[in-house]
Every structure is written in C-alpha cells, then in structure tokens.
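Chain by chain, the residues run as shown.
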Amino acid sequence: DQSDTTFFRNKIILITGSSKGIGFSLAKKLSRFDCVLVIHGRNKTRLEQAQKQLSGNKARIDFISADLSDSSNIDILFEKIIENHGKIDILVNNVISRHGNKKLSEKKFEDWKKEMDVNVNSIFYLTQKTVEYMSSKDYPCKIINISSILAKHRDTSVNLSLIHISEPTRQEAI
C-alpha cells in the first residue's frame, strides 16, 4: 500500500526485544519499508543473525545489544540511537524477561526484581527518555507497547508488569 510506504519513509524505528519472537516478526514485516530499523536484544550473536536475515529488503538494519535490567544500559542504548540517527520516530517496547518460577508463591525475590526491571522499569525509562527528547525537539513520536496474551494468563509477574505499563502509556497519549 502506497500510504504505508510513505508513512515509514526515513523513520527511525527502535524495536526492543527483536532478535527473536514477536519483535523479530515485526522487524521482518517493517524491513520491506524504506526506514531504519534498530533491533535490540541481549545476545549479540543472535542480533547479528537477525540483521543478516532482515538485510536485503528496503530497510537499513542496525542493532544494539543491551541488558535493559540496568538503567545505565538504557542510557547507552538511547544515546547510541540519538548519536547515530538523531531521533526515534517509533519506539516499540517489546522486551520481556522471565526468570525463575512462574508461580508467584514460588518465585525468588531476585527473579521478581529482574523481571520488573525489564518488564516495567525499562519500558517506563526508555519511553520517558524518548518522549522528553522528542518533545524538546518539538517532534512527534509514536510509542507502541507489545505484549502476549499468553504471558497474561501464564505468568503472574508478567501480567502485573503489563498492568503497570499500559495505563500510564495510554494517559501519555491523551
């Protein structure tokens, strides 16, 4: 569709958690447009493989490896994108982390904290940094939060993280 082609032209799109799964599938779909896709994950080897698989289409594919459970890595991720591209037009928060037992009553507190750092705190912090930066440049950006319905029904901490991030993001869009 021509309107899709125009919409994505020259856009900088960051997709967190995109070396596999839903994020990779989305990157694959978007790679056919004339945009810059910045894919993200923790595993550099997997990101290199994803970059190779996505290359050959219209999009330019960059990747950044970072563990988003640490806010200093979020700062580095954001700074690299701004340094290399000057903006983020579309931020797709797709990252998800699962550690230890799925049952809340059997989950270790450290596993819970790690999940919350990735599943809630990283989304909050990266979204906040993106909105603040793009607003300061008087340039609109789109924020998309992706989750899986399977996570909602199977994993207590992931379910709670979805609740914590969905409403504040919705309110920001108003």
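Use the structure listed above.
Student: Talk me through the overall build of the chain; I want residue IDs and the actual numbers.
Tutor: The number of helices and strands found in the chain is seven helices and five strands. When the helices and strands of the chain are listed from N to C terminus, the series reads α-β-α-β-α-β-α-β-α-β-α-α. When burial is assessed residue by residue, the chain has 40% of its 174 residues classed as buried. Considering only contacts within the chain whose residues lie at least 6 apart along the sequence, 67% involve residues at least 24 apart. As displayed, the chain has an accessible area near 9900 Å², and 49% of this comes from carbon and sulfur atoms.

Student: How would you explain the side chain of threonine 130 if you had to name every residue and give the values?
Tutor: Residue position: threonine 130 is located in helix α5 (residues 109-136). By relative accessible area, which is 1% here, threonine 130 ends up buried. Those residues within four positions of threonine 130 in sequence are excluded, and the remaining contacts are Phe78, Ile88, Leu91, Cys141 and Ile143.

Student: I'd love a proper account of the pairing of strand β3 (residues 60-65), names of residues and values included.
Tutor: When strand β2 (residues 36-41) meets β3, the two strands line up parallel, connected through six bridges. Bridge assignment links leucine 37 to a residue of β3, and that residue is isoleucine 61. For the segment spanning β2, helix α3 (residues 44-54) and β3, crossover handedness is right-handed.

Student: Explain unusual backbone geometry to me, using residue names and the numbers behind them.
Tutor: Notably, asparagine 10 is not glycine yet its phi reads approximately 65 degrees, a positive angle. Within the secondary structure, asparagine 10 sits in the loop between α1 (2-8) and β1 (12-15). Unlike most non-glycine residues, aspartate 138 shows phi in positive territory, near 55 degrees. Along the polypeptide, aspartate 138 turns up in the loop between α5 and β5 (142-145).

Student: Can you lay out the environment of serine 147 for me, pointing to particular residues and giving the numbers?
Tutor: Relative to the helices and strands, serine 147 resides in the loop between β5 and α6 (149-154). Along the primary structure serine 147 and isoleucine 22 are separated by 125 residues, whereas in three dimensions their C-alpha atoms are 8.9 Å apart.

Student: How would you summarise the packing of helix α4 (residues 71-85) against α5 if you had to cite specific residues and measurements?
Tutor: Running from N to C, α4 and α5 point in directions that differ by 35 degrees, and their axes come no closer than 10 Å. Pair α4 / α5 crosses with right-handed handedness. Taking contact as the criterion, the partners of Ser71, Ile74, Asp75, Leu77, Phe78 and Ile82 in α4 are, on α5, Ser122, Tyr125, Leu126, Lys129, Thr130 and Tyr133. Considering only residue class, the contact of α4 with α5 consists of seven nonpolar, three polar and two charged.

Student: Pulling in residues and values, what's your account of the nonpolar core?
Tutor: Counting 18 residues, the largest nonpolar core has Leu14, Val38, Leu68, Leu77, Ile81, Ile88 and Leu126 as the members making the most contacts within it. When residues of this core are traced back to their parent elements, those giving at least two are β1, β2, α4 and α5. Counting residues per element, this core draws most heavily on α4, at five residues. Those residues in contact with leucine 126, other than ones at most four positions away along the chain, are Leu14, Thr16, Ile74, Leu77, Phe78, Leu91 and Asn93. Formed by 17 residues, the second largest nonpolar core is a distinct cluster that contains Phe24, Leu30, Leu47 and Ala59.

Rules of the game
- Residues numbered from 1 in each chain as written.
- Predicted model: local features only at pLDDT ≥ 70, side-chain atom pairs only at ≥ 80, totals over all residues.
- Heavy atoms only, no water.
- Helix = DSSP H or I, 4+ residues; strand = E, 2+ residues; numbered from the N terminus.
- Buried < 20%, exposed > 50% of the residue type's maximum accessible area, 1.4 Å probe, protein only.
- Contact = heavy atoms within 4.5 Å.
- Areas by Shrake-Rupley, 256 points an atom, 1.4 Å probe, with all protein chains shown as cover.
- Pairing = 2+ DSSP bridges.
- Right-handed = clockwise from strand over helix to strand, strands pointing away.
- Axes fitted to C-alpha atoms, helices over the stretch in contact; angles between N-to-C directions.
- Left-handed = near helix turned anticlockwise from the far one by under 90°.
- Nonpolar A, V, L, I, M, F, W, Y, C, P; charged D, E, K, R; others polar.
- Core = buried A, V, L, I, M, F, W, Y, C linked by side-chain atoms within 4.5 Å.

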